[in-house]
Amino acid sequence: MNRRKFIQQSIATSTLISLGGLGFQSFNSKPNTTHITILHTNDVHSHIDPFGPEDSRNANKGGIARRASLIEFIRQENPNTILLDAGDIFQGTPYFNYYGGELEFKLMSKLKYDLATIGNHDFDNGIDGLYAQLPNADFEFVSANYDFRNTLLDSHVKPYKILNKSGIKIGIFGLGIKLKGLVDPVNFKETQYLDPVEIAQDITRILKQEHKCNIVICLSHLGYAYNNEPNKISDTKLATQTKDIDLIIGGHTHTFLPKPTIHKNIENRDVIINQVGCYGLYLGRIDFYFDTNKTKSTEGISITV
Amino acid sequence: MTFKYYFLIIAAVFSISSCKDSQPHLTQIKGYRIAITDSLKTDFEIDDFITPFREHINDDLNEVLAYAPETYSKDDGQLNSSLGNFMADAVYNRANPIFKSRTGNNIDMVILNHGSIRGVISKGDITKRTAYNVMPFENSLVVVALKKQQLDKLVTYLAKLKKAHPISKLKILIDDNYEVVKVTINNNKILADKIYYVCTNDFLYNGGDDMTFFQPNNGLYVLNYKVRNALIDTFTDQDTINSMVDDRFIQIK
């Protein structure tokens, strides 16, 4: 059993980056340290081109060709990098209207996305429309609380995947938002929505106990928080009502978190939530450092956001 | 400073405790976001891949169809807006001839939703891109046959929501308690036994935005005509468009 003592720190991100280069260098260069980098996007909504200089809100921001060079730079720095998307890949620019998601999936494949989950707008051309584009995706989809058994997507979407990077097992499962009232039933057809908390409890047990994953990540399209709808499930509620999730990567609410937030789970352990707004304006980055020294163990985890 | 302090504690724990467990131990997590700006390099292999798609779309979208003498938005009025009125009226004008030719009946009113208007019509040239910005969704028009009982629910929904959902041919007057004072369709009172043909989109017909009043109904007619195409066809037919906030849905103060 590994008893953990969590130590939290709050250093401004800018300080962190400059400090990170120096301060963590010593950590990095230790032969027994394994460094895993998780990169993520959400709600890109077909925003392939950058916003133009005349845009009133996001002038000269975003653009997948810039995101590509940034991701490549990070991969050079750390080959143990995983790239994830939390859904709503589709809908928002004419690229989707004209090509039905073909270009989005082809480009995400070129950027070497590992996994994505399914957002409500990914149903906008129906289950058939999503299914038709799957051959263009070299990455896979995870969703644990959509039961696709009576649909075309049956067996094409897994509840979770386990990725292995330099001996570190990373279990990633997907959660989607309730579709009724949000998506036309004609589009989601026989898809059954299952309770995200119950499903998360089952899946985390499988990932942590059975598969002994070192990191458990929930790729969620539930939304960050609903202050006016206290009974609605959200990432912040999911974090407090479950255990064994290390990181929730969120979407749906287009929440621009200036930095990841830290919450206490049902066992009073820390869960990190991050969401990077929408339209590919930001790339989220979470770094996990493991000590693989066989004779020593650590008692503390330092979380810096 | 604090970091170094904690680091020392961790280091101390390292040296004191020893463990037979050979599992890797999580020691550090750090997280932040990186802005995607023009200071980042463009990956030209990716950009070259996009180019043919971009050029095809731009050629199609940049063709000028009409002219807007002013900017029209969905938020320039309290209970009705210039853009919402334009859209609902355009839908009526384009869909009614289709419906009439197929059924012999006229559309009595139109209702769309405020949330699916995603942009503005800016002053100046109107292109096909304008229609995509205003209406990016693929929703199609349907006509639903409804009786007074369901229409009353529709009117109550609008009054309670106090939102400028686009409507055409329907007129609602509410008081300062948001109670309905007067309702007309085509300037006539709603009759108890008459069937009314309500034009909306498939998303709302299926209960989107909590519009539950379309079920049950007295018949459904699928027009296979996208809302956006109704806008594009309107722009194509008119040199200059005009719209304003009016008295179709107002509150007496």
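Notes on the packing of helix 3 (residues 64-77) of chain A against helix 2 (residues 44-61) of chain B
When two helices pack together, their arrangement is given by the angle between the helix axes and by the axis-to-axis distance. Helix 2 of chain B packs onto helix 3 of chain A with a crossing angle of 155 degrees between their chain directions and a minimal axis gap of 8 Å. Put simply, helix 3 of chain A runs roughly antiparallel to helix 2 of chain B. Between helix 3 of chain A and helix 2 of chain B lies a crossing of right-handed hand. Across from A:Ile64, A:Ala65 and A:Ala68 in helix 3 of chain A, the residues of helix 2 of chain B making contact are B:Ile46, B:Asp47 and B:Ile50. The class makeup of the residues in the contact of helix 3 of chain A with helix 2 of chain B is five nonpolar, no polar and one charged.

Brief notes about the nonpolar core
Generally speaking, soluble globular proteins have nonpolar side chains that are buried together. If you look at the biggest cluster of nonpolar residues, it comprises 49 residues, and the most contacted ones within it are A:Phe105, A:Phe123 and A:Phe141. Secondary structure elements with two or more residues in this core: helix 3, helix 4 (94-99), helix 5 (102-110) and helix 6 (126-133) of chain A together with strand 1 (25-35) and helix 2 of chain B. Of all the elements, helix 3 of chain A adds the most residues to this core, at six residues. Apart from the residues within four sequence positions on either side, A:Phe141 is in contact with A:Ile89, A:Phe105, A:Ala116, A:Thr117, A:Ile118, A:Leu134, A:Val157 and A:Lys158. Among the nonpolar cores identified, the runner-up in size contains 36 residues, and B:Tyr72, B:Ile107, B:Phe137 and B:Leu223 belong to it.

Thoughts on the pairing of strand 7 (residues 170-174) of chain B
Successive side chains on a regular strand alternate, one facing one side of the sheet and the next facing the other. Residues and elements named next belong to chain B. Side-chain alternation along strand 7 places Leu170, Ile172 and Ile174 on a buried face and Lys171 and Leu173 on a face that remains uncovered. Direction of pairing for strand 7 relative to strand 8 (residues 180-185): antiparallel, over a ladder of five bridges. For Lys171, the partnering residue across the bridge sits in strand 8 and is Thr184. Counted along the chain from strand 7 to the antiparallel partner strand 8, the turn is five residues long, and its residue Tyr178 has a positive phi close to 60 degrees.

Some points on helix 6 of chain A
Along helix 6 of chain A, the positions that sit buried rather than exposed are A:Gly126, A:Ile127, A:Gly129, A:Leu130 and A:Gln133. The inward-facing, buried residues of helix 6 of chain A contact helix 4, helix 5 and helix 7 (185-188) of chain A.

Things to note about empty space enclosed by the protein
Residues and elements named next belong to chain A. On inspection of all chains with the given rule, the structure shows four cavities of 30 Å³ or more. Within this model, the largest cavity holds a volume of roughly 70 Å³. Listing elements by their share of the lining of the largest cavity, those giving two or more residues are helix 3 and helix 5. Partitioned by chemical class, the residues of the lining of the largest cavity number five nonpolar, two polar and two charged.

Things to note about the sheet that holds strand 9 (residues 196-201) of chain B
All names here are of chain B. Ordered in space as 6-3-9-5-10, the five strands form an open sheet in which the pairing is mixed. The open sheet is flanked by strand 6 (167-168) and strand 10 (220-226), the only strands paired with a single partner. Strand direction decides the pairing type here: strand 3 (residues 109-111) and strand 9, joined by two bridges, are parallel. Across the sheet, residue Met109 finds its bridge partner in strand 9, namely Val198. Against the sheet, helix 5 (residues 148-161) engages strand 3, strand 5 (140-146), strand 6 and strand 9, with an angle of about 45 degrees to strand 3. Sheet strands touched by helix 7 (residues 227-237): strand 5, strand 9 and strand 10. Its angle to strand 10, the strand with the most contacts, is close to 55 degrees.

So, the sheet that holds strand 11 (residues 249-251) of chain B
All names here are of chain B. An order of 8-7-11 is seen for the three strands of this open sheet, with the pairing classed as mixed. Since the sheet does not close on itself, it has two edges, and those belong to strand 8 and strand 11, each with one partner. On average, each strand axis in the sheet is tilted by 10 degrees relative to the strand beside it, whichever way the strands run. Against the sheet, helix 5 makes contact with strand 7, strand 8 and strand 11, and its axis sits at roughly 55 degrees relative to strand 7, the strand it touches most.

Describing the packing of helix 3 (residues 82-103) of chain B against helix 7 of chain B
All names here are of chain B. At their nearest, the axes of helix 3 and helix 7 sit 9 Å apart, and the two run at 85 degrees to each other. Taken as axis vectors, helix 3 and helix 7 run roughly perpendicular relative to one another. Between helix 3, through Phe86, Met87, Ala90, Val91 and Arg94, and helix 7, the contact on the second element is made entirely by Val227, Ala230, Leu231, Asp233, Thr234, Phe235 and Asp237. Taken together, the residues of the contact of helix 3 with helix 7 sort by class into eight nonpolar, one polar and three charged.

A few points about helix 5 of chain A
One full turn of an α-helix is made of 3.6 residues, so residues set three or four places apart face in the same direction. Listed in full, the buried residues belonging to helix 5 of chain A are A:Leu103, A:Glu104, A:Phe105, A:Leu107, A:Met108 and A:Ser109. Elements in contact with the buried residues of helix 5 of chain A: helix 3, strand 3 (81-85), helix 4, helix 6 and strand 5 (140-142) of chain A together with helix 2 of chain B. Just downstream of helix 5 of chain A, A:Lys112 is the residue with a positive phi angle, here 65 degrees.

Here we look at the packing of aromatic side chains
Residues and elements named next belong to chain A. Within the structure shown, the criterion is met by 21 aromatic pairs over all chains. Relative to Tyr279, the ring of Phe51 lies with its centre 6.1 Å away and its plane at 50 degrees, an arrangement referred to as tilted. Here the residue Phe51 occupies a position in the loop between strand 2 (33-41) and helix 3, and Tyr279 occupies one in the loop between strand 14 (270-274) and strand 15 (282-291), the gap between them amounting to 228 residues. Residue classification places Phe51 among the buried residues on the basis of a relative accessible area of 15%. Between Phe139 and Phe141, the aromatic rings sit 5.4 Å apart at their centres with planes inclined by 55 degrees, giving tilted as the arrangement.

So, how was this worked out
- Residues numbered from 1 in each chain as written.
- Chains lettered and ligands numbered in written order.
- Predicted model: local features only at pLDDT ≥ 70, side-chain atom pairs only at ≥ 80, totals over all residues.
- Heavy atoms only, no water.
- Axes fitted to C-alpha atoms, helices over the stretch in contact; angles between N-to-C directions.
- Helix = DSSP H or I, 4+ residues; strand = E, 2+ residues; numbered from the N terminus.
- Parallel < 35°, antiparallel > 145°, perpendicular 65-115°, else oblique.
- Left-handed = near helix turned anticlockwise from the far one by under 90°.
- Contact = heavy atoms within 4.5 Å.
- Nonpolar A, V, L, I, M, F, W, Y, C, P; charged D, E, K, R; others polar.
- Core = buried A, V, L, I, M, F, W, Y, C linked by side-chain atoms within 4.5 Å.
- Buried < 20%, exposed > 50% of the residue type's maximum accessible area, 1.4 Å probe, protein only.
- Pairing = 2+ DSSP bridges.
- 1 Å grid on protein atoms, 1.4 Å probe; cavity = no way out; pocket = protein on both sides within 12 Å on 5 of 7 lines; lining within 4 Å.
- Points joined across faces, edges and corners; volume = space filled by probe spheres on them.
- Phe/Tyr/Trp six-rings, centres within 6.5 Å; stacked < 30°, edge-to-face > 60°.

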